[in-house]
Amino acid sequence: MTSTDKKVRYLPKSEQGAYTRETAAAGVEQALKLLEGRWKLVILFHLFGGHVMRFSDLERAIPAVSQKMLIQQLRQMEKDGIVRRIVHHQVPPKVEYALTDWGQALCPALDALLTWAADRPPLETSAATDETAQ
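Residues numbered from 1 in each chain as written. Predicted model: local features only at pLDDT ≥ 70, side-chain atom pairs only at ≥ 80, totals over all residues. Heavy atoms only, no water.

A.B. asks: Which parts of the structure should I look at to understand the sheet that holds strand E2 (residues 83–88)?
C.D. replies: Hydrogen bonds between backbone atoms are what pair the strands of a sheet, whose relative direction is either parallel or antiparallel. Spatial strand order, E1-E3-E2: three strands in an open sheet with antiparallel pairing. Every other strand in the sheet has two partners, leaving strand E1 (53–54) and E2 as the edge strands with one partner each. Of the strand pairs in this sheet, E1 and strand E3 (residues 94–99) are connected by two bridges, and their pairing is antiparallel. Counterpart to methionine 53 in the pairing with E3 is tyrosine 97. Running over the sheet, helix H4 (residues 40–47) touches E1, E2 and E3 and is turned about 90 degrees from E3. (Pairing = 2+ DSSP bridges. Helix = DSSP H or I, 4+ residues; strand = E, 2+ residues; numbered from the N terminus. Contact = heavy atoms within 4.5 Å. Axes fitted to C-alpha atoms, helices over the stretch in contact; angles between N-to-C directions.)

A.B. asks: Help me out: how do you make sense of the packing of H4 against helix H6 (residues 67–79) in this one?
C.D. replies: Here H4 crosses H6 at 75 degrees, and the two axes come no closer than 10 Å. When the axes of H4 and H6 are compared, the pair comes out roughly perpendicular. Listed contacts from H6 to Lys40, Ile43 and Leu44 of H4 are Leu70, Gln73, Leu74, Gln76 and Met77. Residue composition of the contact of H4 with H6, by class: five nonpolar, two polar and one charged. (Parallel < 35°, antiparallel > 145°, perpendicular 65-115°, else oblique. Nonpolar A, V, L, I, M, F, W, Y, C, P; charged D, E, K, R; others polar.)

A.B. asks: Just checking my understanding: could you explain the layout of surface pockets for this structure?
C.D. replies: Of the pockets and cavities examined, the largest pocket occupies roughly 290 Å³. What lines the largest pocket is a set of 13 residues, and nearest its centre among them are Ala31, Leu32, Leu35, Leu106 and Leu110. Where the lining of the largest pocket is concerned, the elements lending two or more residues are helix H3 (21–35), helix H7 (101–104) and helix H8 (107–118). Of the residues assigned to the lining of the largest pocket, the class counts are 12 nonpolar, one polar and no charged. (1 Å grid on protein atoms, 1.4 Å probe; cavity = no way out; pocket = protein on both sides within 12 Å on 5 of 7 lines; lining within 4 Å. Points joined across faces, edges and corners; volume = space filled by probe spheres on them.)

A.B. asks: Explanation requested: unusual backbone geometry in the structure shown.
C.D. replies: Most peptide bonds are trans, and most residues other than glycine sit at a negative phi. A cis geometry characterises the amide bond from valine 91 onward to proline 92, with omega recorded as -5 degrees. Assignment of secondary structure puts proline 92 in the loop between E2 and E3.

Spelled out as structure tokens, the structure:
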């Protein structure tokens with residue numbers, strides 16, 4: 001009988017990230033589907049750094065979100081494995097939310113996105129744009 005490591009082959013680390021244009025586009029689309037929704041990124045930023053927050057604390061931290069929408073977004077992120085829901089069985093009920101390790105791993109990517117947006121060159125005025133269009 002042969003050993004398992006000879007039967008099962010894994011891609012070497014260098015080949016795992018070799019994307020084609022099509023596979024990269026599909027991967028980005030799949031990742032964005034996990035983060036789509038008006039409030040998901042805001043919720044993530046409140047939970048980054050290992051913060052554990054009660055539902056009511058999240059509600060106060062994001063006053064513009066409705067309770068229904070906050071619940072929906074948290075449930076979806078929990079289903080997707082980004083957020084962990086911690087239920088304390090006590091009276092009154094206490095529910096807390098924290099990021100999973102996988103959810104916390106988003107921090108550097110979103111930080112890079114913020115840096116990229118902050119480095120945006122100043123936009124020219126619309127008058128200058130109108131002149132070049134003529």
